[in-house]
Amino acid sequence: MPLLLAHPLKSSNIVNKKKITLIASIVFTIALLAVLFYFTSPAKIYNAIQKVGWQFVFIGFGFHATAYLFRTFVLWLFFKDDDIGYFKLLKIHFVHNFYVHVIPASLGELSFPLLLKDKVAMSKSLSVLIISRLFIMGLTVLLFLVSVYVVFDLSSFFTLKFKNSYYIIVCATLFFAFLFITRKKIFALASKISIMKKIIGKLKKLFAEIKENGQKLTQPAFILKVTAASLVSIFLIAGYYITILKGLNMDYDIYQILFVSSIGMAFIILPIKSVGGFGTTEGSWAIGLILLGTTETEAIGAGFVIHIFALLNVLVLFLLGINYKKAFQKNQINSSKVEQKT
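Conventions we followed
Residues numbered from 1 in each chain as written. Predicted model: local features only at pLDDT ≥ 70, side-chain atom pairs only at ≥ 80, totals over all residues. Heavy atoms only, no water. Helix = DSSP H or I, 4+ residues; strand = E, 2+ residues; numbered from the N terminus. Buried < 20%, exposed > 50% of the residue type's maximum accessible area, 1.4 Å probe, protein only. Contact = heavy atoms within 4.5 Å. Areas by Shrake-Rupley, 256 points an atom, 1.4 Å probe, with all protein chains shown as cover. Axes fitted to C-alpha atoms, helices over the stretch in contact; angles between N-to-C directions. Left-handed = near helix turned anticlockwise from the far one by under 90°. Nonpolar A, V, L, I, M, F, W, Y, C, P; charged D, E, K, R; others polar. Expected span 1.5 Å × (residues − 1). 1 Å grid on protein atoms, 1.4 Å probe; cavity = no way out; pocket = protein on both sides within 12 Å on 5 of 7 lines; lining within 4 Å. Points joined across faces, edges and corners; volume = space filled by probe spheres on them. Parallel < 35°, antiparallel > 145°, perpendicular 65-115°, else oblique. pLDDT = per-residue confidence, 0-100. Salt bridge = Lys/Arg side-chain N within 4 Å of Asp/Glu carboxyl O. Phe/Tyr/Trp six-rings, centres within 6.5 Å; stacked < 30°, edge-to-face > 60°. Patch = residues over 30% accessible without salt bridge, like charges linked within 9 Å, V, L, I, M, F, W, Y side chains within 5 Å.

What follows covers the overall build of the chain. Across its full length, the chain holds 13 helices and 0 strands. Shown N-terminal to C-terminal, the secondary structure of the chain runs as helices and strands in the order α-α-α-α-α-α-α-α-α-α-α-α-α. In the chain, which comprises 342 residues, the share counted as buried stands at 35%. Sequence separation of at least 24 residues holds for 75% of the intrachain contacts in the chain that already meet a minimum separation of 6. A total accessible area of about 21,000 Å² is found for the chain, and carbon and sulfur atoms account for 71% of it.

Structure follows, in structure tokens:
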């Protein structure tokens, strides 16, 4: 009898956990929006949206959509041996990206392996998604460091005497050597803390999932293609940001945009996610633009405008993906009918 009750109890716990996560996400989103609306108002945001001309909206959409062509190419490089066509993967990526934006608590990520489950194992598709996300994140971090160096002119900061540089290098080397030697003890102590134990467990699963597919990145030609396509997609998204901000009469160069847009990565590590990215997206843009000298009201308004038009772009691409799916299925049915007649 206890065995029969095990599965219902387990599923009940999962449902309760999802409900708690959803409620926490809603509360977190409301709290963030309350803070943001303390410095602005819906009327000001609406005026900012109206300020952007349609030419900027269409050009921005072009940048946004083209970026996903290159992101799909990165995914296709991992799946081309599994007989998955580029355009089928593009359609799935459009649909998946919509769910990522609208479903809270990062649950939208699960749509990708579900949409591909008829072609490849869900474990593989999820690991490929994780690898591509981590790869783009790594490139974004590097570009962020470069942008910080350029935007804040840190060249004089790094002009150190040889003696001081020597001490810094030695101290950094000793610090990382200490972390490496004591890594097992650190993990053991961290595992005693419930939250850290969960994080360590997730990290172990993550490394196990990406190990097999990650081996492809050891191939020079493969990693060159992935790097090039990922960089192009990042710069195209930056082009979208620059275009929409120009519509708001806010001119920023590519380094400033890379700096501001990269700040949003800090919200990825938070245990609680906002609903639809509302609050976190605007908050990260507000922080970045304020650091560049923009007023609180203008910075928050720009964050809302960028986010709202991005969601509209995602919705349009989602509809294109759905229509492509219907057309693809219709062609398959017509082809099968022709084969039956012959």
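Having seen it, we continue.
Take the packing of helix α3 (residues 54–79) against helix α4 (residues 86–102) next. Relative to each other, α3 and α4 sit at 115°, their axes nearing to 9 Å. Considering how the two elements wind past one another, α3 and α4 form a crossing that is right-handed. Of α4, the residues touching α3 (which contributes Y68, L69, R71, T72, F73, L75, W76 and F79) are Y86, L89, L90, H93, F94, N97 and H101. Of the residues contributing to the contact of α3 with α4, the split by class is 10 nonpolar, 4 polar and 1 charged.

Right, let's get into the environment of F37. Tracing the backbone through its elements, the reader meets F37 in helix α1 (residues 2–39). What makes F37 partly exposed here is its relative accessible area of 32%. Those residues within four positions of F37 in sequence are excluded, and the remaining contacts are P42, I45 and F304.

Further remarks concern unusual backbone geometry. With a phi angle near 60°, D83 is a residue other than glycine that sits in the positive phi range. Within the fold, D83 resides in the loop between α3 and α4. Under the relative-accessibility criterion, D83 is labelled exposed at 65%. A positive phi angle, close to 60°, is found at N249, a residue other than glycine. Judged by its relative accessible area of 62%, N249 falls in the exposed class.

Let us now look at helix α12 (residues 280–291). Compared with the 16 Å implied by 1.5 Å per residue over 12 residues, the 17 Å span of α12 between its first and last C-alpha is a close match. Every buried residue belonging to α12 is among T280, E282, G283, S284, W285, A286, G288 and L289, and all of these are buried.

With that settled, consider the layout of surface pockets. In this model, the second largest pocket occupies a volume close to 190 Å³. Every residue along the wall of the second largest pocket is listed here: T40, K44, I45, A48, K51, L248, M250, T297, E298, G301 and A302.

What follows concerns the packing of helix α11 (residues 254–262) against α12. Between α11 and α12, whose axes approach to 8 Å, the crossing angle comes to 140°. Between α11 and α12, the angle is such that the two are oblique. Once α11 is placed against α12, the crossing between them reads as right-handed. Contacts between α11 and α12 involve I257, F259, V260 and S261 from the former and S284, W285, G288, L289 and L291 from the latter.

What follows covers empty space enclosed by the protein. A probe as big as a water molecule, rolled over the atoms, marks out the empty space that is left. Under the defined criterion, the tally for this structure stands at 1 cavity of 30 Å³ or more. Roughly 60 Å³ of internal volume is contained in the largest cavity. Counting only elements with at least two residues in the lining of the largest cavity, the list comes to α3 and α6 (122–151). With 4 residues, α6 is the largest single contributor of residues to the lining of the largest cavity. By residue class, the composition of the lining of the largest cavity is 3 nonpolar, 2 polar and 2 charged.

To continue, consider the confidence of the model for the chain. For the chain, per-residue confidence averages 79 on the pLDDT scale, and 70% of positions sit at 70 or higher. Low pLDDT, under 50, characterises residues 331–339; the predicted model gives this stretch 0 contacts beyond four residues in sequence or across chains.

Our focus in this paragraph is the pattern of salt bridges. Here the structure, examined in full by the defined rule, presents 2 salt bridges. A salt bridge links D82 to K124; the shortest N-O distance between them is 2.5 Å. Of the two residues, D82 sits in the loop between α3 and α4 while K124 sits in helix α6, which places them 42 residues apart along the sequence. Look at D82 and you get partly exposed, because its relative accessible area is 25%. We note a salt bridge from D251 to K246, for which the minimum N-O separation is 3.1 Å. Relative accessible area serves as the criterion here: at 58%, D251 is assigned to the exposed category.

In this section: the packing of aromatic side chains. Per the counting criterion, the structure on display carries 14 aromatic pairs. With 4.1 Å between their ring centres and 25° between their planes, F98 and F318 make a pair best called stacked. On the criterion of sequence distance, the pair formed by F98 in helix α4 and F318 in helix α13 (residues 296–341) is long-range, its members being 220 residues apart.

Take a nonpolar patch on the surface next. A surface patch of nonpolar side chains, amounting to about 330 Å² of accessible area, comprises V146, Y149, V150 and Y255. If one sorts the elements of the nonpolar patch by residue count, α6 sits on top with 3 residues. When you line up the elements, Y255 lands in helix α11.

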